[in-house]
Amino acid sequence: MNFDDLKLSVEALSGGKNTVIFDDKGMPSIMVRIPRFQISDVISGGPSTTHPAFVVAGVEKNEIFVSKYQNIVINDRAYSLPLKDPAVSINFDTAKARCEAKGPGWHLMTNAEWAALALWCKKNGFMPRGNNNYGADHGAAHEKGIETTKETSGLFRTLRVATGSGPVTWAHDGTNGGVFDLNGNVWEWTGGLRLVDGEIQVIPDNNAAQAIDQGAGSTLWKAILPDGSLVAPGTAGTLKYDAETATPSGIRINTTVEHWTTDANSVNKSFETVVAASGVSIPTVMQALILARLDASHGGDSLWVRNNGERLPVRGGDWAGASLAGVFALYLLNARSSVFAHVGFRAAFVAI
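Report follows, based on the coordinates. Since this is a predicted model, take the numbers as computed values, not measurements.

Conventions used here
- Residues numbered from 1 in each chain as written.
- Predicted model: local features only at pLDDT ≥ 70, side-chain atom pairs only at ≥ 80, totals over all residues.
- Heavy atoms only, no water.
- Helix = DSSP H or I, 4+ residues; strand = E, 2+ residues; numbered from the N terminus.
- Rg over C-alpha atoms; globule rule 2.2 N^0.38 Å.
- Buried < 20%, exposed > 50% of the residue type's maximum accessible area, 1.4 Å probe, protein only.
- Contact = heavy atoms within 4.5 Å.
- Lys, Arg positive; Asp, Glu negative; His and termini not counted.
- Charge placed at Lys NZ, Arg CZ, Asp CG, Glu CD.
- Phe/Tyr/Trp six-rings, centres within 6.5 Å; stacked < 30°, edge-to-face > 60°.
- Expected span 1.5 Å × (residues − 1).
- Salt bridge = Lys/Arg side-chain N within 4 Å of Asp/Glu carboxyl O.
- Pairing = 2+ DSSP bridges.

Glancing now at the overall build of the protein. Secondary structure summary: the protein contains five helices and 24 strands in total. Computed over the C-alpha atoms, the radius of gyration of the protein is 19 Å, within 12% of the 20 Å expected from 2.2 N^0.38 for a compact globule of 352 residues. Projected onto its principal axes, the C-alpha positions of the protein cover 60 × 50 × 35 Å. Counting across all 352 residues of the protein, residues that qualify as buried make up 57%. Taking the contacts inside the protein whose residues are at least 6 apart along the sequence as the reference set, 65% of them involve residues at least 24 apart. Computed over 30 positive and 34 negative side-chain charges, the separation of the two mean positions in the protein equals 1 Å.

Set out below in structure tokens:
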């Protein structure tokens, strides 16, 4: 089968949900088309404005394309292909570079894009399962993927499984046409979001889908005020993740950091129970980017935070996350240079 036949077959078998997009070397990745929607489509009572994932450089996009599978790396480029051992042991900047090397429009999946999928799942009443319990789903032990790595001692349990090898319940929409493994298997770096000493900073809209500077010293980062305004980092009164007590324990959203973590400790809390400090308002943009809860039902997925230094996000959970893993899980402990065998990534594409 040549690559053109592959594209036609993928589109036909998925009913148009999936396609094959070729990079500038002519190599294929299997992608899931996500049509544009409004915030009000996924957040009850939200504004009838386009979700940030579909706005790039001020231009609304009719669609974005997300890697169907956690990515592998071939010749320093990211690819979305089935039944592969996902690439791991890669830091944030390298993962970003592997995606952008594919040509214009290719990028590390952004937090805005991840948020769009997670909100869609919640609104449509389907929270995907996955490899979050050593090769199986913690709540459905009969659901398993194909083992690619296992423990080398002890119980010799399954660790990673092959991309897309689980059942359809491991896809974001519960069908073979969906995005696989957003819950578990390996954590995924996402672009356009970071913490700096607890301050929540974003690249506006989905501008991180462009090959732009997301470095530590980039001037493109913006902080968020309680009224939803995006302002220069360090502006007084911006929203921050704050430990609830001096120990520290728990997480709250605050306009100051009253309780600090250190490299030796962190705090975590189920996402749905993270609330604002007294008198602090949470704007819609925080919910649209799933940085704040919508309600008291997010599947028990967890939020982990260190509010000291720069912290880059990984999403989704890994093979040992159990009930804490899932599409709303957010881990803000790692430095951009961190490299772990349970952290990978996936590329996305938008026409630029």
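There's more to say after this.
Glancing now at the packing of aromatic side chains. For the structure on display, the rule yields nine aromatic pairs. Pairing F37 with F54 gives two aromatic rings, centres 5.2 Å apart and planes at 70°, and the pair type is edge-to-face. Of this pair, F37 sits in the loop between β2 (28-35) and α2 (39-42) while F54 sits in the loop between α2 and β3 (55-56), placing them 17 residues apart in sequence. Judged by its relative accessible area of 10%, F37 falls in the buried class. A ring pair is formed by F65 and F349, whose centres lie 6.5 Å apart and whose planes are at 55°; its orientation type is tilted. Residue F65 is found in strand β5 (residues 63-67), and its partner F349 is found in strand β24 (residues 347-349); the two are separated by 284 residues along the sequence. Each member of the pair, F65 as well as F349, carries the same accessibility label: buried. Counting every residue linked through ring pairs, the aromatic cluster contains F65, W106 and F349.

The first and last C-alpha atoms of helix α4 (residues 111-123) sit 18 Å apart over 13 residues, in line with the 18 Å expected at 1.5 Å per residue. Burial analysis of α4 places eleven of its 13 residues in the buried class, which makes it a mostly covered element. Within α4 the residues assigned to the buried category are N111, A112, E113, W114, A115, A116, L117, A118, L119, C121 and K122. A positive backbone phi angle near 75° is found at G125, which sits one or two residues after α4.

In the structure shown here, the tally under the stated rule is 22 salt bridges. A salt bridge links E143 to R129; its shortest N-O distance comes to 2.5 Å. With a gap of 14 residues between them, E143 in strand β10 (residues 140-144) and R129 in the loop between α4 and β9 (136-137) connect regions that are remote in the sequence. Taking the relative accessible area as the measure of exposure, E143 reaches 6% and is therefore buried.

Burial runs high along β5: four of the five residues are buried. Two elements, β2 and β5, share five bridges in a ladder whose sense is antiparallel. If you follow M31 over to β5, its bridge partner there is S67. As paired elements, β5 and β24 share two bridges and run antiparallel to each other. Bridging across to β24, V66 finds its partner in A348.

For the rest of this paragraph, the subject is the pairing of β2. Counting buried positions along β2 gives six out of eight residues, so the element sits mostly inside the fold. Where strand β1 (residues 18-22) folds back onto β2 in an antiparallel hairpin, the turn is made up of five residues, including G26, whose phi is positive at roughly 80°.

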